[in-house]
Protein chains: 2
Amino acid sequence: MIDELSALKRIEERFHKASKDVKLGIGDDAAAVRFDSDKLVLCTTDSQVEDVHFTKSLITPSELARKAVAVSVSDVGAMGGVPKFILASVGFSDGEGEEFLEGAITGFIDSEQEFRVEIIGGNLTSSNKLFIDITVLGEVEPELIVKRSGANPGDLIYATGTLGDSALGLKIVQDGVLDSGNHLVNRHFHPMPRLELGRELALKKIATSMIDISDGLLLDLERISVHQGTGAQIDLAKIPTSRDYDKFIMQFSDNQYNVALSGGEDYELLFTSHKDKQGEIEKISENLNINITEIGKITNSDRVELINSNGEEITLEQRGFVHFNN
Amino acid sequence: MIDELSALKRIEERFHKASKDVKLGIGDDAAAVRFDSDKLVLCTTDSQVEDVHFTKSLITPSELARKAVAVSVSDVGAMGGVPKFILASVGFSDGEGEEFLEGAITGFIDSEQEFRVEIIGGNLTSSNKLFIDITVLGEVEPELIVKRSGANPGDLIYATGTLGDSALGLKIVQDGVLDSGNHLVNRHFHPMPRLELGRELALKKIATSMIDISDGLLLDLERISVHQGTGAQIDLAKIPTSRDYDKFIMQFSDNQYNVALSGGEDYELLFTSHKDKQGEIEKISENLNINITEIGKITNSDRVELINSNGEEITLEQRGFVHFNN
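Conventions used here
- Residues numbered from 1 in each chain as written.
- Chains lettered and ligands numbered in written order.
- Predicted model: local features only at pLDDT ≥ 70, side-chain atom pairs only at ≥ 80, totals over all residues.
- Heavy atoms only, no water.
- Helix = DSSP H or I, 4+ residues; strand = E, 2+ residues; numbered from the N terminus.
- Rg over C-alpha atoms; globule rule 2.2 N^0.38 Å.
- Buried < 20%, exposed > 50% of the residue type's maximum accessible area, 1.4 Å probe, protein only.
- Contact = heavy atoms within 4.5 Å.
- Lys, Arg positive; Asp, Glu negative; His and termini not counted.
- Charge placed at Lys NZ, Arg CZ, Asp CG, Glu CD.
- Least-squares fit on C-alpha atoms with pLDDT ≥ 70 in both.
- Salt bridge = Lys/Arg side-chain N within 4 Å of Asp/Glu carboxyl O.
- Buried area = accessible area lost by both parts, 1.4 Å probe.
- Polar contact = N/O pair within 3.5 Å; in protein donor to acceptor, adjacent residues only side chain to side chain.
- Nonpolar A, V, L, I, M, F, W, Y, C, P; charged D, E, K, R; others polar.
- Pairing = 2+ DSSP bridges.
- Axes fitted to C-alpha atoms, helices over the stretch in contact; angles between N-to-C directions.
- 1 Å grid on protein atoms, 1.4 Å probe; cavity = no way out; pocket = protein on both sides within 12 Å on 5 of 7 lines; lining within 4 Å.
- Points joined across faces, edges and corners; volume = space filled by probe spheres on them.
- Arc of directions from axis to C-beta.

A. Local environment of the overall build of chain A. Counting secondary structure elements, chain A contains 10 helices and 13 strands. Radius of gyration (C-alpha) of chain A: 20 Å, near the 20 Å computed for a compact globule of 326 residues. Seen through its C-alpha atoms, chain A measures out along the principal axes to roughly 65 × 50 × 35 Å. Residue burial in chain A is summarised as follows: out of 326 residues, 58% are buried. Contacts spanning at least 24 positions in sequence make up 84% of the contacts within chain A whose residues lie at least 6 apart. The average position of the 32 basic charges and that of the 54 acidic charges among the side chains of chain A differ by 5 Å.

Below, the structure written as structure tokens:
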């Protein structure tokens, strides 16, 4: 079990550096930081709770800490912003000891490097189940912020990377079929938020709306269409999936598309853009070497329609929840 | 059990107002806010975890939500700053239903009024045990910030209000002796952070160091003395206690002072000041109608010394933990 006082001492030792924007970091009642005066401050918080979001036996402390930061900075990237500072609130159970503490600190320090953020504070408490609650502070120019609202009928809908890998990867690990060397499994435990791409789309004023896909394509698509008073039409055949997804999906699901549509935890970007911008989007895709796939368009209806390769609308019983066999 | 989607809808309905500094509030990937360009942004996070910080049967959802905000804004006040924005991350267990949701929302809205803050975002998740994790963003002028460090030998040490009431109040409720009408009990469930006083001490540049007393006087005193390379000498007879504390303490403890010294959750301010400022401090105390008691001085030693009424040093076996009878 972790002793809070000695843990805090260890943490203060290891997070001793601070950039010029950090006037006061870990170790006082509050941290004090500086933002660019002409920018808006973005803030968001997200939790990873044991046996809700993760199972301790399947993820290392270092992976867990990094992932908690990754999924939180993803929200700032999806607004076209740049994440800067992190507060980490950790509830540790009797099961967490010295090894957990060292692993988690390593994961947090790795995430500082990878996402160019600084951990400036947080909280330690004991808890029945392990949890990590991450708050991210970032910044964005007021004229560049990309919201969930803003898409217009006729705008094209784009998804980055491939979808469904993370949910399928988790299922594969849970069933003990493959280990962490696999691409799908890696996508689950080591998500890569699209910070650079989100920023580029904002800087070039290409996206009319944007969100990161955390709860599955369909649910997150509703958030930028139906919840904003428009509809959307998606071509099922265009949904981008990986080679590994295509190889394994029918072993685990009775439907080829369900997991890609509703699997969750992809942390890809879903955005809309005027159709005149297609060329610019292709260029950005090439420059950053990230697939960006047009998957449909915003409509005047009040719902999300899924169209199969024959041009017929199909329905899915479940939206936002993965349906696996067994 | 709470349905996350309908809960979010309910939350968005009830937190619809936003001041001019909130460019984007609840409902997007991140909130976007504006701070005064010449100020530092203060940020801090704190958790209330079921069966660690509270017992569900003893506190109402509304009290819990308000208290979670109160103890977090207290940290900003203890730096001389002004709290502005709140992110609330809530993990709810199967036990929480509609009634919890309504109560918690009411408590959060009450806290917005009382502490002049705005709830701009947060997160909802399910959890084995109920928890509320609050992040506060505030601001302070760089030249006015009051840190834990900064006290000099010879500085006088002050505590506000009375100490030990909260811990004793909790014990009284746990033993079923008195109910919430009692002053001590009320101090536990309805803590009053000293925001106005903390701000006044900063504006007048009176405090050389400051902290809010959350973990008991002795532990928090070490944080502004021993941890900063100085010592402290405290006159036991000067420790401010309430009439109710004096009346009930010997029923629950074998020592008159222990709970006031180490009880925790007082959320009073502990600060140091040059001895020339005594007159100014008395004036502030009168103006704000808050007791401010000089309890000792900062020394050149490397520890906290407790002096009894005969001028002799005494030792306490336990520091930072309450020792109750039975």
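B. Structural view of the relation of the copies chain A and chain B. Placing chain A over chain B gives an RMSD of 0.0 Å and needs a rotation angle of 180°, together with 0.0 Å of translation along the axis. Expressed as a symmetry operation, the mapping of one chain copy onto the other fits a two-fold axis. Measuring from the rotation axis to each C-alpha of chain A, the shortest distance belongs to Ser37(A), at 2.3 Å. The share of interface residues of chain A whose copies in chain B are also at the interface is 100%, consistent with both copies meeting through the same surface.

C. Seen up close, the pattern of salt bridges. Under the definition given, this model contains 56 salt bridges over all chains. Ionic pairing is found between Glu294(A) and Lys238(A), a salt bridge with its closest N-O pair at 3.0 Å. You can see Glu294(A) sitting in strand 11 (residues 292–299) and its partner Lys238(A) sitting in the loop between strand 9 (231–235) and helix 8 (243–252), a full 56 residues away along the chain. With a closest N to O distance of 3.3 Å, Lys238(B) and Asp235(B) form a salt bridge. A residue is classified by how much of its surface remains accessible, and Lys238(B), at 32% relative accessible area, is partly exposed. The class of Asp235(B) is partly exposed, set by a relative accessible area of 25%. Where salt bridges share partners, they join Lys20(A), Asp21(A), Asp36(A), Lys39(A), Lys84(A), Glu139(A), Glu141(A) and Arg199(A) into one cluster.

D. Inspection of helix 4 (residues 165–174) of chain A at higher detail. Residues and elements named next belong to chain A. Counting buried positions along helix 4 yields 8 of 10 residues, so the element is predominantly enclosed. Asp165, Ser166, Ala167, Leu168, Gly169, Lys171, Ile172 and Val173 are the residues of helix 4 that are buried. At its buried positions, helix 4 is contacted by helix 5 (183–189), helix 8 and helix 9 (258–262). Backbone geometry just after helix 4 places Gly176 at a positive phi near 70°.

E. Representation of the interface of chain A and chain B. Across the boundary between the two partners, chain A contributes 49 residues, which contact 50 residues of chain B. Interface of chain A and chain B: buried area, both sides summed, is about 4100 Å²; carbon and sulfur atoms make up 60% of it. The interface formed by chain A and chain B holds 4 salt bridges in total. Here Asp28(A) ties to Arg148(B) by a salt bridge, and the two come within 3.8 Å at their closest N and O atoms. Here chain A is connected to chain B by 19 residue pairs in polar contact (both at pLDDT 80 or more). Those elements giving two or more residues to the side of chain A that touches chain B turn out to be strand 1 (22–24), strand 2 (31–33), strand 3 (40–49), strand 4 (82–92), strand 5 (118–126), strand 6 (131–140) and strand 8 (209–213) of chain A. For the side of chain A that touches chain B, the element with the most residues is strand 3 of chain A, which contributes 9 residues. Of the residues in the side of chain A that touches chain B, the class split is 23 nonpolar, 14 polar and 12 charged.

F. The arrangement of the sheet that holds strand 1 of chain A in detail. Strand order in the open sheet made by the 6 strands is 1(A)-2(A)-3(B)-6(B)-4(B)-5(B), with mixed pairing throughout. Edge strands, defined here as strands with exactly one partner in the open sheet, are strand 1 of chain A together with strand 5 (118–126) of chain B. Within the sheet, the average angular offset between the axes of one strand and its neighbour, ignoring direction, is 20°. Pairing of strand 4 (residues 82–92) of chain B with strand 5 of chain B, which is carried by 8 bridges, proceeds in the parallel orientation.

G. Highlighting the sheet that holds strand 13 (residues 313–314) of chain A. Residue and element names in this part refer to chain A. A sheet is described by the order of its strands in space; here 7 strands give the open sequence 8-10-7-11-9-12-13, paired in mixed fashion. The strands lining the two open edges of the sheet, one partner per strand, are strand 8 and strand 13. In terms of strand pairing, strand 9 meets strand 11 through 4 bridges, oriented antiparallel. In the strand pairing of strand 11, Ile234 is matched with Gly296. Seen against the sheet, helix 6 (residues 195–203) touches strand 7 (156–160), strand 8, strand 10 (268–273) and strand 11 and runs at an angle of roughly 15° to strand 10. Each of strand 7, strand 10 and strand 11 touches helix 10 (residues 278–288); the most contacted strand, strand 7, lies at about 5° to it.

H. Looking closely at empty space enclosed by the protein. Summed over all chains, the structure comprises 2 cavities of 30 Å³ or more. Size it by volume and the largest cavity reaches roughly 100 Å³. Across the lining of the largest cavity, the residue classes break down as 4 nonpolar, 2 polar and 6 charged. Estimated volume of the second largest cavity: approximately 60 Å³. In terms of lining, the second largest cavity is formed by Val49(A), Ser127(A), Asn128(A), Lys129(A), Phe131(A), Val49(B), Ser127(B), Asn128(B), Lys129(B) and Phe131(B). Residue classes in the lining of the second largest cavity are distributed as 4 nonpolar, 4 polar and 2 charged.

I. Summary view of the pairing of strand 8 (residues 209–213) of chain B. All names here are of chain B. Counting buried residues in strand 8 gives 5 out of 5 residues, a clear majority hidden from the surface. Inspection of the sheet shows strand 8 paired to strand 10 (residues 268–273) by 5 bridges, in the antiparallel sense. Residue pairing for strand 10: Ile211 is matched across the bridge by Leu270.

J. Region of interest: helix 8 (residues 243–252) of chain B. Residue and element names in this part refer to chain B. Along helix 8, the positions that sit buried rather than exposed are Tyr245, Phe248, Ile249 and Phe252. Down the axis of helix 8, the buried side of the element spans an arc of 125°, and every buried residue falls inside it. Exposed residues pointing more than 90 degrees away from the buried face of helix 8 are listed as Arg243, Lys247 and Gln251.

K. Representation of the pairing of strand 7 of chain A. All names here are of chain A. Among the 5 residues in strand 7, 5 count as buried, and that is most of the element. Burial of strand 7 is two-sided: the residues Leu156, Tyr158 and Thr160 facing one way and the residues Ile157 and Ala159 facing the other way are all buried. Across 4 bridges, the pairing between strand 7 and strand 10 is antiparallel. Of the residues in strand 10, the one forming a bridge with Tyr158 is Phe271. Relative to strand 11, strand 7 runs antiparallel, the two sharing 5 bridges. Across the sheet, the residue bridging to Ala159 is Thr293, located in strand 11.

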